[in-house]
Amino acid sequence: GETIKWVASNGMQDIDFVITDKEDGVSGLLVYGKNGIFQKSYSRGDGYQGADTTRHIKNIDGFVDKAPIPCQIRIEVIMEDAVFDTINQNHIALG
């Protein structure tokens, strides 16, 4: 399509493309402080100030509570449709 034509017209060759389904999730930030110990997590919020999501992020499978160095890591949290549907059904059942 258009992208391939653009790449060719700009003299680029032997370019591989990876195409994936669009995933929609919640953007966030993990903050690892002194000695790489996890401190806080925030949602993106309005782009200026995010909500504190620290207690929730720790419940995600694969959460890492220590980084090799102090840092901030931008993340995207994605929930599979089947899990989302199950949670919704549970909420509906509880009223």
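Residues numbered from 1 in each chain as written. Predicted model: local features only at pLDDT ≥ 70, side-chain atom pairs only at ≥ 80, totals over all residues. Heavy atoms only, no water.

**Q** I tried to follow a negative patch on the surface on my own but got confused; where do I start?
**A** On the surface, a cluster of negative charge is made up of Asp21, Glu23, Asp24, Glu80, Asp81 and Asp85. You can see Asp21 is positioned in the loop between helix 1 (2–9) and strand 1 (26–32). (Patch = residues over 30% accessible without salt bridge, like charges linked within 9 Å, V, L, I, M, F, W, Y side chains within 5 Å. Areas by Shrake-Rupley, 256 points an atom, 1.4 Å probe, with all protein chains shown as cover. Salt bridge = Lys/Arg side-chain N within 4 Å of Asp/Glu carboxyl O. Lys, Arg positive; Asp, Glu negative; His and termini not counted. Charge placed at Lys NZ, Arg CZ, Asp CG, Glu CD. Helix = DSSP H or I, 4+ residues; strand = E, 2+ residues; numbered from the N terminus.)

**Q** Can you help me understand the layout of surface pockets in this one?
**A** The probe, sized like a water molecule, is rolled over the atoms to show the empty space still left. Its volume calculated, the largest pocket comes out at about 210 Å³. Here the residues of the lining of the largest pocket sort into 6 nonpolar, 1 polar and 2 charged. (1 Å grid on protein atoms, 1.4 Å probe; cavity = no way out; pocket = protein on both sides within 12 Å on 5 of 7 lines; lining within 4 Å. Points joined across faces, edges and corners; volume = space filled by probe spheres on them. Nonpolar A, V, L, I, M, F, W, Y, C, P; charged D, E, K, R; others polar.)

**Q** Where do I start with the sheet that holds strand 1 in this structure?
**A** Strands belonging to one sheet form pairs held by backbone hydrogen bonds; the direction of such a pair is parallel or antiparallel. Read across the sheet, 3 strands follow the order 2-1-3 without closing on themselves; strand pairing throughout is antiparallel. Edge positions in the sheet fall to strand 2 (38–43) and strand 3 (71–77), since each of these pairs with one other strand and no more. With strand direction ignored, the average angle separating the axes of adjacent strands in the sheet is 20 degrees. Here strand 1 runs beside strand 3; their pairing, made up of 7 bridges, is antiparallel. What sits directly across from Val26, in strand 3, is Val77. (Pairing = 2+ DSSP bridges. Axes fitted to C-alpha atoms, helices over the stretch in contact; angles between N-to-C directions.)

**Q** Looking at this structure, how should I read the packing of aromatic side chains?
**A** Aromatic rings considered in pairs are described by the distance between their centres and by the relative angle of their planes. Counting across every chain of the model gives 2 aromatic pairs. Here Tyr32 and Phe38 contribute two aromatic rings whose centre-to-centre distance is 5.6 Å and whose plane-to-plane angle is 65 degrees, an arrangement assigned as edge-to-face. Each member of the pair, Tyr32 as well as Phe38, carries the same accessibility label: buried. Judged by centre distance (4.9 Å) and plane angle (85 degrees), the rings of Phe38 and Phe63 are edge-to-face. Of the two residues, Phe38 is situated in strand 2 and Phe63 in the loop between helix 2 (54–57) and strand 3; the sequence distance between them amounts to 25 residues. The class of Phe63 is partly exposed, set by a relative accessible area of 24%. An aromatic cluster is defined as three or more aromatic residues linked by ring pairs; in this entry it consists of Tyr32, Phe38 and Phe63. (Phe/Tyr/Trp six-rings, centres within 6.5 Å; stacked < 30°, edge-to-face > 60°. Buried < 20%, exposed > 50% of the residue type's maximum accessible area, 1.4 Å probe, protein only.)

Interpretation note: all reported values are geometric properties and have no functional meaning in isolation.
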